[in-house]
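# Fold and contact review
What follows is the residue order along each chain.
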Amino acid sequence: MAKAEIKNNLRRLRFEHDEMTQQELADRSQCTRQTILALEQGKYVPSLALAFQIARVFGLKIEDVFEYQD
Amino acid sequence: MTRLQKRSLLDLIISAVFLAGLTAVFFSGGGAETYVQDTTRKILVAALLALGYILLFFVMFLVRLKSKDKAIFMDERDERIVRQAMGTAFTVFAIYVFLMCIGLYEAYSTSEVMPVGWMWFLAYSSGFIAILSRAIATLILYTRMSGHGES
């Protein structure tokens, strides 16, 4: 099975939302700042629950925040 | 550095120091053959063990992963790292016990009598090996699943 990648637009979305800090996003999505950092750097793929929580913080659908790439 | 990383780093230092100390004392003055009869060495090693485990417990208490003010110190990523590190530690522990048993069997298979001191060494060193490997695995997994950047 080919390795798939999950990309995200977290950094761009944070800046579009009043330059939200990583800590703010972490607090609002119930995770740590280090996890937000790891997500932005593509070193961690979140669970579905966390992905939904993050999308909800931005008021977007999950596919507007995360992108599945073959 | 997260609290779990701090705890793992302290666990790594303590377990490495006490494992080295325990091994040095055990192998000094005749090793396993004379260990059971040597009261001084037994007391020294028992003191080392007790101090090591007390320190590890103290670290666990000092670097708590839960907070009264509901601040998040551990999330799903940390939990995933803990699970993977525990799996790695178990594998290392199993390999260590297997290699020690096979090594002792090979070393004493011709004499048919093995000093019982080896059983003591295997029991206590394996405890520190498990803690040490868990700490190393945790720190490695953190470097793979994290980065450094803005706050």
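Structure shown above.
In this report, we go over the structure that sits alongside the text. (Residues numbered from 1 in each chain as written. Chains lettered and ligands numbered in written order. Predicted model: local features only at pLDDT ≥ 70, side-chain atom pairs only at ≥ 80, totals over all residues.)

## Quick look at helix α3 (residues 39-62) of chain B
Residues and elements named next belong to chain B. With 24 residues, α3 ought to run about 34 Å at 1.5 Å a step, and its terminal C-alpha atoms sit 34 Å apart, in line with that. Taken as a whole, α3 has its buried residues at Arg41, Val45 and Gly52. Residues of α3 that are buried sit in contact with α1 (3-27) and α2 (32-35). (Helix = DSSP H or I, 4+ residues; strand = E, 2+ residues; numbered from the N terminus. Expected span 1.5 Å × (residues − 1). Buried ≥ 20, exposed ≤ 12 C-beta atoms within 10 Å, placed from the backbone. Contact = placed C-beta atoms within 7 Å.)

## A short note on the nonpolar core
Generally speaking, soluble globular proteins have nonpolar side chains that are buried together. Residues Leu22, Phe26, Phe121, Phe128 and Leu132 of chain B are the most contacted members of the largest nonpolar core, which totals 15 residues. Looking at this core, the elements that each hand over two or more residues are α1, α2 and α5 (117-144) of chain B. Of the residues forming this core, the biggest block, eight residues, is contributed by α5 of chain B. Those residues in contact with Leu22 of chain B that sit more than four places away from it in its chain are Val45, Leu48, Leu49, Tyr124, Ser125 and Phe128 of chain B. Counting residues in each nonpolar core, the second largest holds 13 residues, with Ala26, Leu37, Ala38 and Phe66 of chain A among its members. (Core = buried A, V, L, I, M, F, W, Y, C linked by C-beta atoms within 7 Å.)

## Overview of the packing of helix α4 (residues 76-108) of chain B against α5 of chain B
Residues and elements named next belong to chain B. Remark: α4 packs on α5, axes separated minimally by 8 Å, with the N-to-C direction vectors making an angle of 150°. Every pair of crossing elements has a handedness; the one defined by α4 and α5 is right-handed. Where α4 abuts α5, its residues Ile81, Gln84, Ala85, Met86, Thr88, Ala89, Val92, Phe93, Tyr96, Val97, Met100 and Leu104 lie against Trp118, Leu122, Ser126, Ile129, Ala130, Ser133, Arg134, Ala137, Thr138, Leu141 and Tyr142. By residue class, the composition of the contact of α4 with α5 is 17 nonpolar, five polar and one charged. (Axes fitted to C-alpha atoms, helices over the stretch in contact; angles between N-to-C directions. Left-handed = near helix turned anticlockwise from the far one by under 90°. Nonpolar A, V, L, I, M, F, W, Y, C, P; charged D, E, K, R; others polar.)

## Looking at unusual backbone geometry
Residue and element names in this part refer to chain A. Look at Glu19: it is not a glycine, yet its phi comes out positive at around 50°. Turning to its location among the elements, Glu19 is positioned in the loop between α1 (10-16) and α2 (22-28). Classification of Glu19 as exposed rests on a count of 8 C-beta atoms within 10 Å. A positive phi angle, close to 60°, is found at Gln30, a residue other than glycine. Note on placement: Gln30 falls in the loop between α2 and α3 (33-40).

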